[in-house]
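# Understanding the architecture of this molecule
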Amino acid sequence: MSGTSPGLQPPADAVKPVRHPDAPAPGELLGAHYGQCFGCGGDQPHGLHLQARAGEGVSITAEFTVQPAHQGAPGLAHGGVLATALDETLGSLNWLLRTIAVTGRLETDFLRPVPVGTTLHLEAEVTAVAGRKIYSTATGRIGGPDGPVAVRADALFIEVKIDHFVDHGRAEEIRAAMDDPDQVRRTRAFEVNP
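Below or above, wherever it landed, is the structure these notes cover.

## Re the packing of aromatic side chains
On inspection of all chains with the given rule, the structure shows zero aromatic pairs. The side chain of R98 reaches across the aromatic face of W95, ending 4.3 Å from its centre.

This is how it looks when you write it as structure tokens:
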């Protein structure tokens, strides 16, 4: 991404990311990390319902279709919704590292308008890891996975402990997520950005 700020440049001692051995296999649908998540949750009537799949290495692909509830200017996706789609996609990368992390910084470029009814095809990958810092990049294309780039972003995620969510989230939602009998869903509820 051109013009990336210095805060999104990995330091000289950063290392190449390593996919966790228990990460979902390439092509596997990641599913929602939490039903109420605006980005990926199925329980949000106006959410993005973003569908992400594990890719090779530490990468994923994702899609979402812009609905009328997602528009800003008449007939066009709201920029904040597009930034949310990028953030959700980038945050899902942490599942491949099996690291609990939150968004520290997100820098987004809007290159083309995205009309309502358009499916945004997203690709994201982790580019470097330095201690608790995870550096990643994403693009969103229209007209197909090889179509023109409409949006792109670079991000910095910060690894946190589960206490981050327990200390700052609403008690009833935290309790419900922690009491979920499905271990994968329980784990996924706390693996992505707040």
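## Points about unusual backbone geometry
Phi is positive for H49, which is not a glycine, with a value near 50°. Looking at the element boundaries, H49 is found in the segment before β1 (51–54). If you check the backbone angles, R98 has positive phi at about 55° while not being a glycine. When you line up the elements, R98 lands in the loop between α2 (94–97) and β3 (101–110).

## Observations regarding the pattern of salt bridges
Opposite charge on two side chains makes pairing possible when the charged atoms of those side chains draw close. If you walk through the whole model with that rule in mind, you get one salt bridge. The salt bridge involving D109 is made with R152; its shortest N-O contact spans 3.3 Å. Taken together, the residues D109 in strand β3 and R152 in strand β6 (residues 149–159) connect sequence positions 43 residues apart. Taking relative accessible area as the criterion, R152 reaches 23% and is therefore assigned partly exposed.

## Considering the nonpolar core
Core analysis: the biggest nonpolar cluster contains 36 residues, and L50, F64, L90, V114, L120 and L122 have the highest contact counts within it. If you list the elements that add at least two residues to this core, you get β1, β2 (59–65), α1 (79–92), α2, β4 (119–130), β5 (133–141) and β6. Discounting residues that sit within four places of it in the chain, L90 has contacts with L106, A124, S136, T137, A138, A153, A155 and F157. By size, the runner-up hydrophobic cluster in this structure holds six residues, among which are L8, A128, L156 and I158.

## Describing the pairing of β2
Sheet topology note: the β1/β2 ladder contains four bridges and is antiparallel. The residue of β2 that forms the bridge with A52 is A62. Taking the residues between adjacent antiparallel strands as the criterion, β1 and β2 are bridged by four residues, where G57 takes a positive phi near 60°. Looking at chain direction, β2 and β4 are connected through seven bridges and run antiparallel. Looking at β4, one finds that S59 is bridged to E125.

## Brief notes about the sheet that holds β3
Strand order in this open sheet of six strands is β1-β2-β4-β5-β6-β3, and the pairing throughout is antiparallel. The open sheet has two free edges, formed respectively by β1 and β3, since each of these has just one partner strand. Taking each pair of neighbouring strands and ignoring which way they run, the sheet shows an average axis angle of 20°.

Cut-offs and rules
- Residues numbered from 1 in each chain as written.
- Predicted model: local features only at pLDDT ≥ 70, side-chain atom pairs only at ≥ 80, totals over all residues.
- Heavy atoms only, no water.
- Phe/Tyr/Trp six-rings, centres within 6.5 Å; stacked < 30°, edge-to-face > 60°.
- Lys NZ or Arg CZ within 6 Å of the ring centre and 35° of its normal.
- Helix = DSSP H or I, 4+ residues; strand = E, 2+ residues; numbered from the N terminus.
- Salt bridge = Lys/Arg side-chain N within 4 Å of Asp/Glu carboxyl O.
- Buried < 20%, exposed > 50% of the residue type's maximum accessible area, 1.4 Å probe, protein only.
- Core = buried A, V, L, I, M, F, W, Y, C linked by side-chain atoms within 4.5 Å.
- Contact = heavy atoms within 4.5 Å.
- Pairing = 2+ DSSP bridges.
- Axes fitted to C-alpha atoms, helices over the stretch in contact; angles between N-to-C directions.

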